[in-house]
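A look at the structure
Listed below, chain by chain, are the residues.
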Amino acid sequence: GEDRNPVFAADGNTFYFLSERDGKTSNVYRSSLSDPEKAVQLTFADKDPVRFLSVSSDGTLAYSLNGSLYTLKDGSEPNKLDIKVFRDSSEKEKIRMDLRNASSMAVSPDGKEIALIIRGDVYVTSVDYATTRRLTNTPEQERNVDFSADGREIYFSSERDGCWGIRKIALKDKKDKLFTYAASFEEEAVS
């Protein structure tokens, strides 16, 4: 089997490496410069290979296995890391827009939202709060925005694939009342 990715422990003699010598898949082994013929298997993956082996100054090994990260202290069992990524969903990217650049705008029937075309894309903004949401993000341009009579659809003309046509964006969930805070919406061609 193949031996690869050697990393040395702090003592300068012990090293760890990935090897396929068990005949199944790549696992972590320990050996030393003083006795390189003696290699001890430390992990026992049998299907997916161990990858990206590294060692810290205190001798803790780190590696990847099947999309997860593990640490291993020599003589102990591997420890799968529980990684959680948090984000503040209330923090949105702030984009400053100059409303003087709006080429088209329409007020919703209930007067709570304004749809705008700025720099060729459709935006909707709340009248009551400082919340604006981008509804399209295309390389083509949109023009002539308007709301449907019930306020649940926004119509606009759009140039897609070199041809102009009318498109609409509709609220998907019946519980959603405003585009600004809608969980989801869908866009489709009308003509």
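Residues numbered from 1 in each chain as written. Predicted model: local features only at pLDDT ≥ 70, side-chain atom pairs only at ≥ 80, totals over all residues. Heavy atoms only, no water.

Below, the discussion takes up the overall build of the chain. Each helix and strand in the chain was counted, giving zero helices and 16 strands. Compactness check: the chain gives a C-alpha radius of gyration of 29 Å against a globular reference of 16 Å for 191 residues, more than 25% above the reference. Burial analysis of the chain (191 residues in total) assigns 35% to the buried set. Summarising the internal contacts of the chain: among those between residues at least 6 apart in sequence, 25% fall at separations of at least 24. In the form shown here, the chain has an accessible surface area of approximately 12,500 Å², with 47% of it arising from carbon and sulfur atoms. (Helix = DSSP H or I, 4+ residues; strand = E, 2+ residues; numbered from the N terminus. Rg over C-alpha atoms; globule rule 2.2 N^0.38 Å. Buried < 20%, exposed > 50% of the residue type's maximum accessible area, 1.4 Å probe, protein only. Contact = heavy atoms within 4.5 Å. Areas by Shrake-Rupley, 256 points an atom, 1.4 Å probe, with all protein chains shown as cover.)

Turning our attention to the sheet that holds strand S1 (residues 3-8). Ordered in space as S1-S2-S3-S4, the four strands form an open sheet in which the pairing is antiparallel. Taken across any chain shown, the strands that pair with only one partner, and hence form the sheet edges, are S1 and strand S4 (40-41). Sheet analysis places strand S2 (residues 14-19) next to strand S3 (residues 27-32), joined by six bridges and oriented antiparallel. From the neighbouring strand, Phe17 faces S3, where its bridge partner is Tyr29. (Pairing = 2+ DSSP bridges.)

Of note, Asn137 is situated in the loop between strand S12 (132-134) and strand S13 (142-147). Of the residues examined, Asn137 reaches a relative accessible area of 62% and is grouped as exposed. Here Arg134 takes part through its side chain, which lies 3.3 Å from a polar atom of the side chain of Asn137. (Polar contact = N/O pair within 3.5 Å; in protein donor to acceptor, adjacent residues only side chain to side chain.)

The side chains of a regular strand alternate, residue by residue, between the two faces of the sheet. In terms of burial, strand S14 (residues 153-160) is a largely internal element, six of the eight residues being buried. Two strands pair when backbone bridges link them, and S13 and S14 are joined in this way by four bridges, in the antiparallel orientation. Looking at the pairing, Asp146 lines up with Tyr155 of S14. Linking S13 to S14, which pair antiparallel, is a turn of five residues; within it Gly151 sits at a positive phi near 80°. Here S14 pairs with strand S15 (residues 163-171) via eight bridges, running antiparallel. Bridged to Ser158 within S15 is Gly165. The turn joining S14 and S15, which pair antiparallel and follow one another in sequence, is formed by two residues; a positive phi near 55° is taken by Asp161.

Here the focus is the sheet that holds S14. Neighbouring strands of a sheet are bound in pairs by backbone hydrogen bonds; such pairs are parallel or else antiparallel. In space, the four strands of this open sheet follow the order S13-S14-S15-S16, with antiparallel pairing throughout. Two strands close off the open sheet at either side, each with one partner strand: S13 and strand S16 (185-189). Averaged over all neighbouring strand pairs, the angle between strand axes comes to 25°, with direction disregarded. (Axes fitted to C-alpha atoms, helices over the stretch in contact; angles between N-to-C directions.)

To continue, consider the environment of Asn27. Mapped onto the elements, Asn27 comes out in strand S3. For the pair formed by Asn27 and Asp150, sequence separation is 123 residues and the distance between their alpha carbons is 62 Å. Excluding its chain neighbours within four sequence positions, the residues that come into contact with Asn27 are Phe17, Leu18, Ser19, Asp22, Gln41, Thr43, Phe44, Ala45 and Val50. At 3.3 Å, the side chain of Asn27 forms a polar contact with the backbone nitrogen of Phe44. A polar contact of 2.7 Å, which involves the side chain of Asn27, links it to the backbone nitrogen of Ala45.

Scanning the entire structure with this criterion turns up five aromatic pairs. Ring plane angle 35° and centroid distance 5.7 Å describe the contact between Phe15 and Phe17, whose orientation is recorded as tilted. When the centroid spacing of 5.4 Å and the interplanar angle of 10° are considered together, the rings of Tyr63 and Tyr70 count as stacked. Across the pair, exposure class does not vary: Tyr63 and Tyr70 are buried alike. An aromatic cluster is present here, built from Phe8, Phe15, Phe17 and Tyr29 joined pairwise through their rings. (Phe/Tyr/Trp six-rings, centres within 6.5 Å; stacked < 30°, edge-to-face > 60°.)

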